[in-house]
Amino acid sequence: MMDILTKHEITRRGLLAGTGALVVSFSAIRALAQDRPAAAHEKPKLPGSLDDDRYLDSWIRIDSDGKITVFTGKAELGQGIRTPLIQVAAEELEVEPGDITLVTADTGRTPDEGFTAGSQSMQNSGTAIRNAAAQVRELLIAGAARRFNVPPEQLKAEKKSVSAPDGRSVTYGELVTGQFLHLEAQPQSKLKPPDALSIIGRDVPRIDIPGKVTGAVAYVQDLRLEGMVHARVIRPPSYGAVLKDIDSTAAAAMAGIISVIRDGSFLAVVAEKEWQAVKAMRAIERAAHWDEPATLPDQTDLAAVLVALERDVGTVAESGIPSFPDGAIYEATFTRPYQMHGSIGPSCAVALLKAEGNLDIWSHTQGVFPDRTAIAQMLGLPEDTVRVIHMEGSGCYGHNGADDAAADAALIAMKIPGRPVRVQWMREQEHMWEPFGPGMVSKVRASLDANGRIDNWTYDLWSNTHSTRPGDAGALLAGRTKERPTPQKPPTLSINPNGSGDRNADPLYAIPNRRVLWHFIPDMPLRVSALRGLGAYANVFSIESTMDELAIAARADPVEFRLRHLEDDRASDVVKLAAEKFGWGRGEVPQGHGRGFAFARYKNHAAYLAVAMEAKVERETGRVQVLRAVAAIDSGQAVNPDGIRNQTEGGILQSISWTLYEAVTFDRTRITSTDWSSYPMLRFASVPESVEVHIIDRPGQPFLGTGEAAQGPACAAVANAIRNATGKRLVDLPLSRKRVKEAIGLG
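Analysis parameters
- Residues numbered from 1 in each chain as written.
- Predicted model: local features only at pLDDT ≥ 70, side-chain atom pairs only at ≥ 80, totals over all residues.
- Heavy atoms only, no water.
- Core = buried A, V, L, I, M, F, W, Y, C linked by side-chain atoms within 4.5 Å.
- Buried < 20%, exposed > 50% of the residue type's maximum accessible area, 1.4 Å probe, protein only.
- pLDDT = per-residue confidence, 0-100.
- Contact = heavy atoms within 4.5 Å.
- Phe/Tyr/Trp six-rings, centres within 6.5 Å; stacked < 30°, edge-to-face > 60°.
- Salt bridge = Lys/Arg side-chain N within 4 Å of Asp/Glu carboxyl O.
- Helix = DSSP H or I, 4+ residues; strand = E, 2+ residues; numbered from the N terminus.
- Pairing = 2+ DSSP bridges.
- Axes fitted to C-alpha atoms, helices over the stretch in contact; angles between N-to-C directions.

Attention now moves to the nonpolar core. The biggest cluster of nonpolar side chains holds 87 residues, and the ones touching the most others in it are Trp457, Phe597, Phe599, Met613 and Ile652. Of all hydrophobic cores here, the second largest spans 59 residues; its members include Ala231, Ala410, Trp425 and Met432.

Here we come to the confidence of the model for the chain. The predicted model of the chain has a mean per-residue pLDDT of 92, with 94% of residues at 70 or higher. Contacts of residues 1-19 to residues separated by more than four positions or lying in other chains number 53 contacts, the stretch itself having pLDDT below 50. Overall, residues 24-40 carries pLDDT values under 50, and its contacts beyond four positions in sequence, including any with other chains, amount to 58 contacts.

Attention now moves to the packing of aromatic side chains. Inspection of every chain in the model, using the stated rule, returns 8 aromatic pairs. Ring centres of tryptophan 518 and phenylalanine 520 lie 5.5 Å apart, and the angle between their planes is 85°; on these two criteria the pair is classed as edge-to-face. Residues tryptophan 518 and phenylalanine 520 agree in their burial class; the two are buried. Each ring, one from tryptophan 584 and one from phenylalanine 597, has its centre 5.6 Å from the other, and the planes form 70°; the classification is edge-to-face.

Right, let's get into the pattern of salt bridges. Scanning all chains against the criterion turns up 45 salt bridges. Salt-bridge contacts for arginine 419 lead to glutamate 272; the nearest nitrogen and oxygen are separated by 3.0 Å. Of this pair, arginine 419 sits in the loop between helix H9 (402-413) and strand S19 (421-424) while glutamate 272 sits in the loop between strand S12 (266-271) and helix H6 (274-287), and the two are 147 residues apart along the sequence. Judged by its relative accessible area of 27%, arginine 419 is partly exposed. Residues arginine 562 and aspartate 548 are paired through a salt bridge, measuring 2.9 Å at the closest nitrogen-oxygen approach. On the criterion of sequence distance, the pair formed by arginine 562 in helix H13 (residues 558-564) and aspartate 548 in helix H12 (residues 536-553) is long-range, its members being 14 residues apart.

Now for the sheet that holds strand S16 (residues 348-353). Pairing between sheet strands relies on hydrogen bonds along the backbone, with the strands arranged either parallel or antiparallel. The 7 strands lie next to each other as S11-S12-S9-S19-S16-S17-S18, forming an open sheet whose pairing is mixed. Each edge of the open sheet is held by one strand with a lone partner, namely strand S11 (257-263) and strand S18 (386-390). Pairs of neighbouring strands in the sheet enclose a mean axial angle of 20°, with direction left out of account. Here strand S9 (residues 229-234) pairs with S12 via 5 bridges, running antiparallel. Within S12, the position partnered with isoleucine 234 by the bridge is leucine 267. On top of the sheet, H6 reaches S9, S11, S12 and S19; it is set at about 20° to S9, its chief contact. Relative to S16, H9 is tilted by about 30°, and along the sheet it contacts S9, S11, S12, S16, strand S17 (359-363) and S19.

Right, here's the structure in full:
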């Protein structure tokens, strides 16, 4: 059971004069301004991403035939963002969702919203589109008022028309005929009040699902363009390998081969057909000779290796003076291994060098504009000659191989002008070369006062930035392996409210004396970047595991213990709701079963999520089976409740998989987890029997995002359920069968 409580364009803006299109941009609509306009040099802050691209025509277009197009710089990565973005636009424009065409991230058509990351699509783009749509609606009403010579407040916008009390009406298309309006948005918008909403807050089926289940062209892997050729890249066998020599004569003579390309250690083959490219790739792999030094550390000593790589220390949070007098003190060291995105389909991209010298690239990148910058730099091209168009790929949840595949395709396309070049990675290439979620180490020390409250807390975290996304050619594999490589920019320690490696390292709980330190690791032994949640996954695991241990020391119920340390009412609400819906504290726990609870507010300023789990632990095998999970989430105003449930359910399952199974393996030379056998994941047989998600809707409150909120709490709830079942605290991820057996003395 689940419930809710409560461009015919040539350029982005187009040549619109005389075309009968209203294009709305971010400019000053005086009638909407509530305050005196700021001085020219002091532009007012605009809502969401409107502040970065201030013209309404960057976001909304209405044609003379009534067609409505909405533009977003965010990418559909599987999170279902297209549907709620359409909903907020439809709500404020007083039209149905089906009346709107949404164009997602495209450097030739959409606003630049940077990366689709951090669960910020609704916060940034959703807020911008909703406000832009509301301002467009008022412009349309104002235009109709002038036409009818009646006050605007007497008119009603509905079903792509504006109507007067006397029955006269005019369509949106008629209102924009012959007009070209290019206006900056205002800081205030006449948004519909919560009690007038009919589309926001409604379950609307995801618009991207039908094509995905009926075999339509849904993914970049499906894209087929006229004259398209197929390429495969021959990757080095390991990070440090350098190409010594290659005799490609035999491969070049194989049927259908168009070209064998070498640029430094970058090797690729291009063929008319895909299987021809695969066969030639294998032949070249056998013929290539590499210098391959052993550059990787001993995996069995990874925690010590990471701690030794510290180069700087930053203070994430500090209050009072932590001191540890005699009393109940808990200390532990927690570790997280490197983990993969594990996209179900390996990365793919298509690139085309056109006759006029412009380069078009279709990619499942998280950031079309940063990727364009990196690829243009790699190729030595002006940015305005490179266009990156987002097209969905099979899985992402962070910076996987998509940007690298785009760079591969771009580099190869420069050698094959006039023909679209499709690059498809192989499974072992994805597993070996995608940027992994970073390994981490954390150390906690905490104590209780005489009243059973936490009085001292220190937290030391060893981690890198968790992001090496493009924006620079050195972030691309092709950019680093070509003859004239671009070195990767060195990461720097940066502490900010969004966090990265330190995300959620500071507990939301009221603790008078605390110190949270980030021991910064600039250079990691394995290639790393953003994986869903960044540092929040491991940090919340450490914090919430410690909260349970402190509750045990205080002889307190874990839920009650958390509530006594929470001062945020919305935090308390999700904790109470998850516990109530789970039936926490009611009924007997069967032998061999355990119950676990965990909470976090993502980034300490985004969505609130609490989750309770019941798990069964098989002592003889060490197998942990999560039987049921019940979560409560508050992500602000709920636009599409079903989408919030879906994302939370998916996050819980993914986190369970990371927590119980997933770890990248390697020897001193190479990555060894190159297939699904060597990198196990959650299988259907181990999926919980029941996953419930209960939503606390907050009408009129800002959007807080959803997609990453479950990662940390779900991990900690699993760990706490194992602790409850076995009496043993596991601190090293993943909580594998082997580790469970060792903990209970059967290993």
